[in-house]
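Residues per chain, in single letters:
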Amino acid sequence: MNNNLVDGFGRIAKKLRISITDRCNMQCVYCMPSNNTIWLEQDSLLSFEQITRLAKIFVYLGIEKIKITGGEPTVRGNVENLIKSLSSIKGLRSISMTTNGILVKDKIKILKESGLESLNISLDTFKPDRFKAMSGIDGFYKVRNAINTAIDENLPVKINTVIIKGWNDDEIPHFVRFSRDTGCVVKFIEFMPLDGTGMWSDELVVSKKKMIEIINNDFDQLSPLHNDKSDPARLYTFEDGKGVIGFIPSITEPFCQNCDRVRITADGKLYSCLFDKSSNNLKSLLDGGKSDIDIIKCINKSVQEKPEGIIKIIKTHSLRPTLNVMHTIGG
Ligand code: SAM
Ligand code: SF4
C-alpha cells in the first residue's frame, strides 16, 4: 500500500488543514454568507477523538504539519484538548491554528502548553470602525490584545490580511510598519472567489505586483527571502532585515503546481483542493466502524484524484464568485 500521498500531477501532500467547526463569531464580508447561514448540526461534526484518529492516519501517510482552522476554531469548546492529543502523535512536526483572534487571548498560554507551535491571527485593518464594517463586530481591540499576548508569550504569530480594493488597500503601508515594528510576519492574501456573499469580482483583487509597487513607494525596496517552494506565501524583507512581508497571490500567481495540502471539513469531508467540487466522506467511514486500511484507501483515492487547482479554472476563464465557501472548507 502506498504510504506517500502522491497525486496525479506528482505533487506530494505534506500538510493537512482540519476545520473543526463551520461556525463563526464574525461575519467577514469576503467569507460568510450575509444571512440565514445554515450551520452543521453538532452531531455531524467529527469528535476530537475522530480527528485524532484521522490525524494519526494522515501522519502515517506522510503528513508533517497540521493546521487547525474553521469557521472560527475557538468557538468550539476546549480546543486546547485537541491540540494536546494531536501533539502526542509521533512524526508530526508542527501544529498551528488560524483564528480571528476574538476569543483567543485568554487561551494563548494553555494552547502553547498543549503543544501549539504557532498562531495565524487574521486582521484586515487597524481602524476600529472599518474592522466593524468588514467583520460585522466591534472587535478590533480584542484582536490587537490577542496579538500582543501571543507576542508576550513568545508564541510565533503571523498576521493574515485579505486585501480588497477600495476596502483596505490604503492600509498596506500600515501593515508593513506593523511587521517592521513587531517582527510579526504579515501575509497579504489576494481576495479569492470563496466568499459566501458572491461579492467577489476580479476588480476587487489587488495583485501581489500592485501591493509590491505600493510598498516600494513608501519603503526601501523589498528583497525576496529564500522561499520554501511549497509555501504559498512568497516572503520578502527589507535591506535592514526588519519585518517580513508575505504575499499569497492565489489569483495572479497561483501556486497550484507546488501545492502540498489537503483539507478536512468539520463534518469529515476530505477535499484535496480548495477549489474541488467533490469530496470523500471520512466521517461516514469512521461512524461505520471501518478499519484504518479502508480509510487509507479512501484518502489515497481522493489524493490521486486531486484536481490541478485554481490554475486550471483561471486557464479556462471560469473563475467566478463563490466557487466554494471558505468558512466551511477552512481556508
Ligand atoms: N476564522 C479564522 C480566521 O478568520 O482566521 C479561520 C478560518 S478563515 C476561513 C481562514 C483564513 O481565510 C483567514 O485568514 C481569512 O482571512 C481567509 N479568507 C476567508 N475568506 C477569504 C477569501 N474569500 N479570500 C481570501 N482569503 C479568505
Ligand atoms: Fe469567520 Fe474567519 Fe470567515 Fe471571518 S474569515 S467570517 S473570522 S471564518
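Calculation criteria
Residues numbered from 1 in each chain as written. Chains lettered and ligands numbered in written order. Predicted model: local features only at pLDDT ≥ 70, side-chain atom pairs only at ≥ 80, totals over all residues. Heavy atoms only, no water. Phe/Tyr/Trp six-rings, centres within 6.5 Å; stacked < 30°, edge-to-face > 60°. Buried < 20%, exposed > 50% of the residue type's maximum accessible area, 1.4 Å probe, protein only. Lys NZ or Arg CZ within 6 Å of the ring centre and 35° of its normal. Core = buried A, V, L, I, M, F, W, Y, C linked by side-chain atoms within 4.5 Å. Helix = DSSP H or I, 4+ residues; strand = E, 2+ residues; numbered from the N terminus. Contact = heavy atoms within 4.5 Å. Salt bridge = Lys/Arg side-chain N within 4 Å of Asp/Glu carboxyl O. Polar contact = N/O pair within 3.5 Å; in protein donor to acceptor, adjacent residues only side chain to side chain. Pairing = 2+ DSSP bridges. Axes fitted to C-alpha atoms, helices over the stretch in contact; angles between N-to-C directions.

Participant: In this structure, what is going on with the packing of aromatic side chains? I would like to understand it.
Facilitator: The description of two aromatic rings rests on the distance between their centres and on the angle between their planes. One pass over the full model with this rule turns up eight aromatic pairs. When the ring of Phe 131 is compared with that of Phe 140, the centres are 6.3 Å apart and the planes differ by 70°; the resulting orientation is edge-to-face. For the pair Phe 131 and Phe 140, one class covers both residues: buried. Ring pairs connect the aromatic residues Phe 126, Phe 175, Phe 178, Phe 188, Tyr 236 and Phe 247, which therefore count as one cluster. When the ring centre of Phe 238 is taken as origin, the NZ or CZ atom of Arg 180, which lies over that ring, is 4.9 Å away.

Participant: Even after reading the chapter, I still don't get the nonpolar core, so can you show me in this structure?
Facilitator: Across soluble globular proteins, you tend to see nonpolar side chains buried next to one another. Residues Phe 58, Ile 159, Phe 188, Ile 215, Leu 282 and Ile 299 are the most contacted members of the largest nonpolar core, which totals 95 residues. Here this core takes seven residues from helix H1 (residues 48-60), the largest share from any one element. Not counting chain neighbours up to four residues away, the residues in contact with Ile 215 comprise Ile 172, Val 176, Phe 188, Leu 222, Phe 238, Ile 245 and Phe 247.

Participant: I keep staring at the pattern of salt bridges and nothing clicks. Help me out?
Facilitator: Between side chains of opposite charge, a pair can form as their charged atoms come close. By the definition in use, this model includes 16 salt bridges. Between Asp 7 and Arg 11 there is a salt bridge; the shortest N-O distance is 2.7 Å. Across the pair, Arg 11 and Asp 7 agree in class, each one buried. Here Asp 267 and Lys 269 are joined by a salt bridge, their closest N and O atoms 3.0 Å apart. The exposure class assigned to Lys 269 is partly exposed, which follows from its relative accessible area of 28%. Overlapping salt bridges, with partners in common, bring together Lys 127, Arg 130, Asp 170 and Glu 171 in one network.

Participant: Hey, could you run me through the side chain of Arg 76 in this one?
Facilitator: Here Arg 76 is to be found in the loop between strand E2 (65-69) and helix H2 (79-87). There is a polar contact of 2.9 Å between the side chain of Arg 76 and the backbone oxygen of Ile 20. Apart from residues lying up to four places away in sequence, Arg 76 is in contact with Ile 20, Leu 45, Leu 46, Ser 47 and Phe 48.

Participant: I would appreciate a short explanation of the side chain of Glu 171 in the present structure.
Facilitator: Within the secondary structure, Glu 171 sits in the loop between strand E5 (157-163) and helix H6 (172-182). With a relative accessible area of 3%, Glu 171 lands in the buried category. Apart from the residues lying within four places of it in its own chain, the contact partners of Glu 171 are Asp 124, Thr 125, Phe 126, Lys 127 and Arg 130.

Participant: Whenever I open this one, the sheet that holds strand E4 (residues 118-122) confuses me. Can you help?
Facilitator: In spatial order, the strands read E7-E8-E9-E6-E5-E4-E3-E2-E1-E10-E11-E12; together these 12 strands make up an open sheet with mixed pairing. Two strands bound the open sheet, and with one partner strand each, they are strand E7 (223-224) and strand E12 (280-281). Where strand E1 (residues 15-19) lies against E2, five bridges are found, and the strand directions are parallel. Bridge pairing links Arg 17 to Lys 67 in E2. Along the sheet face, helix H5 (residues 140-152) touches E4 and E5 and points at about 160° away from the line of E4. Lying over the sheet, helix H7 (residues 208-218) contacts E5, strand E6 (185-190), strand E8 (234-237) and strand E9 (244-248), oriented at roughly 155° with respect to E9.

Participant: When you look at the pairing of strand E10 (residues 261-264) in this model, what are you seeing that I'm missing?
Facilitator: Each regular strand carries side chains that alternate between the two faces of the sheet. Side chains Arg 261 and Arg 263 project from E10 onto one buried face, and the interleaved Val 262 and Ile 264 project onto a second face that is buried too. Note that E1 and E10 share four bridges and pair parallel. Residue pairing in the sheet places Leu 16 in a bridge with Val 262 of E10. With two bridges connecting them, E10 and strand E11 (residues 269-271) associate as antiparallel partners. Of the residues in E11, the one forming a bridge with Ile 264 is Leu 270. Between the antiparallel neighbours E10 and E11 lie four residues, among them Gly 268 with a positive phi of about 80°.

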